[in-house]
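# Breakdown of the fold
Okay, here's what each chain looks like letter by letter:
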Amino acid sequence: MKQTVLFIIIVVLFSSCSNTKTKQAELVLDTKSTLGEGAVWNYKTGELMWVDIKKEILNIYYPTNGYNKEMFTGQMIGTVVPTESGNALVALQNGIYYFNIETGAKKLLVDPEVDLPDNRFNDGKCDPSGRFWAGTISLSGEMEVAALYRFDSDTTVHKMVDKVSISNGIVWSADKTKMYYIDTPTQKVMAYDYDDATGEISNPEVAVTVPAELGSPDGMTIDENNNLWVALWGGSAVGCWNPKTGELIDKIEVPAKNITSCAFGDEDLGTLYITSAREQTSDEDLAKYPHAGGVFKYRPGVKGVQAFYFNDVN
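### A closer look at the overall build of the chain
What the chain contains, in helices and strands, is 2 helices and 24 strands. Its C-alpha atoms give the chain a radius of gyration of 20 Å, within 12% of the compact-globule value 20 Å for 314 residues. Principal-axis analysis of the C-alpha atoms places the extent of the chain at approximately 80 × 40 × 40 Å. Here the chain holds 314 residues, and 53% of them are scored as buried. When the accessible surface of the chain is totalled, it reaches about 14000 Å², and 51% of it is carbon and sulfur. In the chain, the 27 positive side-chain charges and the 42 negative ones have mean positions that sit 5 Å from each other.

### A short note on the packing of aromatic side chains
Between two aromatic rings, the relevant description is the distance of the centres plus the angle of the planes. Per the counting criterion, the structure on display carries 9 aromatic pairs. On the basis of an interplanar angle of 15 degrees and a centroid distance of 5.6 Å, the ring pair of Phe151 and Phe310 is categorised as stacked. Taken together, the positions of Phe151 in strand S12 (residues 146-151) and Phe310 in the segment after strand S24 (295-298) put the pair 159 residues apart, joining distant regions of the chain. Linked through ring pairs, Trp41, Tyr61 and Tyr273 together constitute an aromatic cluster. When the ring centre of Tyr309 is taken as origin, the NZ or CZ atom of Lys44, which lies over that ring, is 4.4 Å away.

### Things to note about the nonpolar core
Of all hydrophobic cores here, the largest spans 19 residues; its most connected members are Leu58, Val80, Val90 and Ile101. Secondary structure elements with two or more residues in this core: strand S3 (47-52), strand S4 (57-62), strand S6 (77-82), strand S7 (88-92) and strand S8 (95-99). Here this core gets 3 residues from one element, more than from any other, and that element is S7. Ignoring any residue separated from it by four or fewer positions in sequence, one finds Ile101 in contact with Met49, Leu58, Ile60, Lys69, Met71, Gly86, Asn87 and Ala88.

### Topic: the confidence of the model for the chain
Scored by pLDDT, the chain comes out at a mean of 94, with 93% of its residues at no less than 70. When the criterion is pLDDT under 50, residues 1-20 qualifies, and its contacts beyond four places in sequence or with other chains add up to 0 contacts.

### Some thoughts on the environment of Met179
When you line up the elements, Met179 lands in strand S15 (residues 178-183). What makes Met179 buried here is its relative accessible area of 0%. A sequence separation of 53 residues divides Met179 from Cys126, and the C-alpha atoms of the two residues are 11 Å apart. When neighbours within four sequence positions are excluded, Met179 is seen to be in contact with Trp133, Leu148, Ile170, Val171, Trp172, Met190, Ala191, Tyr192, Tyr194 and Ile201.

### Looking at the sheet that holds strand S18 (residues 216-222)
One open sheet holds the 4 strands; their spatial order is S18-S19-S20-S21, and the pairing between them is antiparallel. The open sheet terminates on both sides in strands that have one partner only, identified here as S18 and strand S21 (247-253). Across the sheet, the axes of successive neighbouring strands diverge by a mean angle of 30 degrees, strand direction being ignored. Sheet topology note: the strand S19 (residues 228-233)/strand S20 (residues 237-242) ladder contains 5 bridges and is antiparallel. Counted as the bridge partner of Trp229 is Cys240 from S20.

### What about the pairing of strand S17 (residues 200-209)?
Pairing between strand S16 (residues 188-195) and S17: 7 bridges, direction antiparallel. Bridging across to S17, Tyr194 finds its partner in Ile201. Joining the antiparallel neighbours S16 and S17 is a turn of 4 residues, in which Gly199 adopts a positive phi near 80 degrees.

About the thresholds
- Residues numbered from 1 in each chain as written.
- Predicted model: local features only at pLDDT ≥ 70, side-chain atom pairs only at ≥ 80, totals over all residues.
- Heavy atoms only, no water.
- Helix = DSSP H or I, 4+ residues; strand = E, 2+ residues; numbered from the N terminus.
- Rg over C-alpha atoms; globule rule 2.2 N^0.38 Å.
- Buried < 20%, exposed > 50% of the residue type's maximum accessible area, 1.4 Å probe, protein only.
- Areas by Shrake-Rupley, 256 points an atom, 1.4 Å probe, with all protein chains shown as cover.
- Lys, Arg positive; Asp, Glu negative; His and termini not counted.
- Charge placed at Lys NZ, Arg CZ, Asp CG, Glu CD.
- Phe/Tyr/Trp six-rings, centres within 6.5 Å; stacked < 30°, edge-to-face > 60°.
- Lys NZ or Arg CZ within 6 Å of the ring centre and 35° of its normal.
- Core = buried A, V, L, I, M, F, W, Y, C linked by side-chain atoms within 4.5 Å.
- Contact = heavy atoms within 4.5 Å.
- pLDDT = per-residue confidence, 0-100.
- Pairing = 2+ DSSP bridges.
- Axes fitted to C-alpha atoms, helices over the stretch in contact; angles between N-to-C directions.

Below is the structure:
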């Protein structure tokens, strides 16, 4: 009798383990981007906007028909945000531009680092009041020579964080009191007190420390529960952290080595879209991950929040 019970327990445990489903994202677009980045969901139009930095391409993906529109920008493009008027702002190598998504025409609005030609813009997003935040990175890999900027609707620009190395993910809490920000080499997500009325930030403290063995924190989005979804460069995954406790609470495997950004999309904001890069991927890793540089998706069972648009209608 005891042997029978033991056999049943072993069978049940084996069955439970064999039915455990790996949380792995599926391929959406096999673009083989050199450096995919900057994913943002335009909920008004039902489009995923994202970029290939090195190929100087702004992408607009339409999930309803599977079409991905590519627009050449003429410079390395760090990120894109939709505007209230129906177009876009792009952070290019030498400044922030207004970009017409129908014609491809662009207009320089500001270049806060005109005296730093070896820097380029990288990731960024709009805050709850429609200000555009975007940071820079050194093209030569020099540390602490970049910065995070805030570009307001009156076209003024403000340096908000200095001595940055690789400016990356940025999001705001639902109650508009916290801003979370990543400078990749620090392996940390910093939490700032955020004043939505003025756009000022203060009192930085560590919210999350990403273990090096998981990869380096890159782009980031936030869900309806105020948890942070962080793309892991070198980690083949997106991790979800609780910023109040610093605890890793979920992880989505992605079949690419270098994961760069993520954004919740689709009509219900329940699909996590994920960008990746082929850059800094060995031939051995490319053989393992042939779709590196593509866009992937996964439905994690939690929803995101609507993106903020640049306020250009005042």
